[in-house]
Amino acid sequence: MSPRRTGTASPSHGVRVIDSHTAGEPTRVVVSGGPELGGGSLGERLRRLREGADWLRTSLCLEPRASEAAVGALLCEPDDAANDAAVIFFNNSGYLGMCGHGLIGLVATLEYMGRMTPGMFRIETPVGVVVATLHGKGRVTVANVASWRFRKEVAVEVEGYGQVTGDIAWGGNWFFLLDDPGIGLRKTNLERLMGFAKAVRRGLESAGIRGEDGSVIDHIEVLGDDDGGADARNFMLCPGGEYDRSPCGTGLSAKLACLYADGLIKEGEVWRQAGILGGVFEGRVALADGKIIPEITGEAFVTAETQLVFSEGDPYRFGIR
């Protein structure tokens, strides 16, 4: 692959990041040295980052510095002084509205830095304010943005599998949720699960099936039973073609919205969902002004502090594209 530098800005000094993982899924938080994005709403700053400094995303999330499973998080000053922090999430393929495991990783990182102690914090994301409760030692509960099921039992033709049905739901990103067709939700079946989920996404695209307002459905969530005692296990295909190692916080939010809509879970009841590696998130439904507010609890562990170096003459200093 040939190198390609993106964006118009370039780093003038090293970028400091702190790495963590949440149930196996990595988060890389930029704590200093990121691009200056100016003031305004987080949406406006996200646009400036995408259009003028995309080198940050590609540098953090692509080889040779990272695997393509990494999710980056740019820590920002909040637009509203009533909030405690702001964050923009990104991955190997672009930018995310919200990221549940990433938000847990961010809060655990700020605890590690001594910037947060147990308590509640309001954090701005591009899709709205979320409330994070730090319990201590990296354990965090995220009260996510309002989530809902958009359409139920949507049929789609999937190459090699025929017609399957699933629900379209919002949990901070758009999801298509469907049952395991019999592959088995185990890490040993990753190749088949990846192939199936990618075929589902192609089927959705071919049929023009989208989320509300024509939004692309970029997450495919395959669900089944868990033999480790959780209520369910999932396999999640992420937008850039990688799989989520964790149970996926926004995916669990979408699942909770569907469960509540079907009367299968009540406000305050616990739903334990395992990811493909066996790690578990706990989910609950809270209601606010008639809206479903999923509450996701998980644990993150800090793994490294790194100062990125952008060496002149290095053809891959902004990532391999």
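Our subject is the structure that appears above.
Given the structure is predicted, the values throughout are model-derived calculations rather than measurements.

Further remarks concern the overall build of the protein. Within the protein, the regular secondary structure consists of five helices and 16 strands. The globule rule puts the C-alpha radius of gyration for 321 residues at 20 Å, and the 19 Å found for the protein is close to it. Taking the principal axes of the C-alpha coordinates as reference, the protein spans close to 50 × 45 × 35 Å. A burial count over the protein gives 54% of its 321 residues as buried. Within the protein, residue pairs in contact and separated by at least 24 positions form 63% of the contacts whose partners lie at least 6 positions apart. Accessible surface, the protein as shown: approximately 13,400 Å² in total, 45% of it carbon and sulfur. Where the 33 positive side-chain charges of the protein centre and where its 42 negative ones centre are 3 Å apart.

Next up on the list: the environment of Asp 179. Tracing the sequence through the fold places Asp 179 in strand S11 (residues 174–179). Here the alpha-carbon distance between Asp 179 and Thr 165, two residues 14 residues apart in the chain, equals 8.3 Å. Contacts of Asp 179, omitting those with residues within four sequence positions, involve Val 222 and Leu 223.

This next bit is on helix H1 (residues 42–52). Because an α-helix completes one turn every 3.6 residues, residues spaced three or four positions apart along the sequence face the same direction. When we look at burial in H1, the residues that qualify are Leu 42, Arg 45, Leu 46, Leu 49 and Gly 52. End-on view of H1: buried residues confined to an arc of 165°, all on one side of the axis. Contacts from the buried residues of H1 go to helix H2 (55–61), strand S3 (71–76), strand S4 (85–90), strand S5 (95–96) and strand S6 (119–125).

Under the counting rule described, the total for this entry stands at 11 salt bridges. A salt bridge links Asp 19 to Arg 28; the nearest nitrogen and oxygen atoms lie 2.8 Å apart. Judged by its relative accessible area of 12%, Asp 19 falls in the buried class. One connected set of salt bridges, linked through shared partners, spans Arg 149, Lys 152, Asp 167 and Asp 262.

Where burial is concerned, most of strand S8 (residues 139–143) is hidden: four out of the five residues are buried. Looking at chain direction, strand S7 (residues 128–136) and S8 are connected through five bridges and run antiparallel. Of the residues in S8, the one forming a bridge with Leu 134 is Val 140. Pairing between S8 and strand S16 (residues 291–308): five bridges, direction antiparallel.

What follows is about the environment of Leu 237. Topologically, Leu 237 is positioned in strand S13 (residues 232–237). Under the relative-accessibility criterion, Leu 237 is labelled buried at 0%.

Summed over all chains, the structure comprises 10 aromatic pairs. Put simply, the rings of Trp 148, Phe 150, Trp 170 and Trp 174 pair up and form one aromatic cluster. One residue, Arg 245, lies across the ring of Tyr 243, its end atom 3.9 Å from the ring centre.

This paragraph deals with the side chain of Ser 246. Considering the arrangement of structural elements, one finds Ser 246 in the loop between S13 and helix H5 (249–261). Among the residues examined, Ser 246 registers a relative accessible area of 0% and is labelled buried. Only 3.0 Å separates the side chain of Ser 246 from the backbone nitrogen of Cys 248, close enough to count as a polar contact.

This paragraph deals with helix H4 (residues 190–207). Taking 1.5 Å per residue as the helical rise, H4 with its 18 residues ought to reach 26 Å, and the 26 Å between its terminal C-alpha atoms agrees with that figure. Restricting attention to buried positions, one finds in H4 the residues Leu 190, Leu 193, Met 194, Phe 196, Ala 197, Ala 199, Val 200, Arg 201, Gly 203 and Leu 204. Contact partners of the buried residues in H4: strand S9 (148–158), S11, strand S12 (219–224) and S13. Phi turns positive, to about 70°, at Gly 208, one or two residues after H4.

As a rule of thumb, nonpolar side chains are buried together in soluble globular proteins. Of all hydrophobic cores here, the largest spans 66 residues; its most connected members are Phe 89, Leu 103, Ile 123, Phe 176, Ile 220 and Phe 235. It is H4 that provides the largest number of residues to this core, a total of eight residues. If near-sequence neighbours (up to four positions away) are discounted, Phe 176 is found in contact with Val 154, Val 156, Thr 165, Gly 166, Asp 167, Ile 168, Val 200, Leu 204, Ile 217, His 219, Ile 220 and Glu 221. Counting residues in each nonpolar core, the second largest holds 21 residues, with Val 17, Leu 37, Leu 46 and Cys 76 among its members.

All right, on to the state of the cysteines then. All told, the structure shown has zero disulfides when counted by the stated rule. Free of any disulfide, Cys 258 has its nearest cysteine sulfur in Cys 248, 13 Å distant.

Further remarks concern unusual backbone geometry. Here the bond from Glu 63 into Pro 64 is cis, since omega is 10°, no more than 30 degrees from zero. Of note, Pro 64 is situated in the loop between H2 and S3. The backbone of Ala 23 sits at a positive phi, close to 50°, despite the residue not being glycine. As for its placement among the helices and strands, Ala 23 is situated in the loop between strand S1 (15–22) and strand S2 (25–32).

What counts, and at which threshold
Residues numbered from 1 in each chain as written. Predicted model: local features only at pLDDT ≥ 70, side-chain atom pairs only at ≥ 80, totals over all residues. Heavy atoms only, no water. Helix = DSSP H or I, 4+ residues; strand = E, 2+ residues; numbered from the N terminus. Rg over C-alpha atoms; globule rule 2.2 N^0.38 Å. Buried < 20%, exposed > 50% of the residue type's maximum accessible area, 1.4 Å probe, protein only. Contact = heavy atoms within 4.5 Å. Areas by Shrake-Rupley, 256 points an atom, 1.4 Å probe, with all protein chains shown as cover. Lys, Arg positive; Asp, Glu negative; His and termini not counted. Charge placed at Lys NZ, Arg CZ, Asp CG, Glu CD. Arc of directions from axis to C-beta. Salt bridge = Lys/Arg side-chain N within 4 Å of Asp/Glu carboxyl O. Pairing = 2+ DSSP bridges. Phe/Tyr/Trp six-rings, centres within 6.5 Å; stacked < 30°, edge-to-face > 60°. Lys NZ or Arg CZ within 6 Å of the ring centre and 35° of its normal. Polar contact = N/O pair within 3.5 Å; in protein donor to acceptor, adjacent residues only side chain to side chain. Expected span 1.5 Å × (residues − 1). Core = buried A, V, L, I, M, F, W, Y, C linked by side-chain atoms within 4.5 Å. Disulfide = S-S within 2.5 Å.

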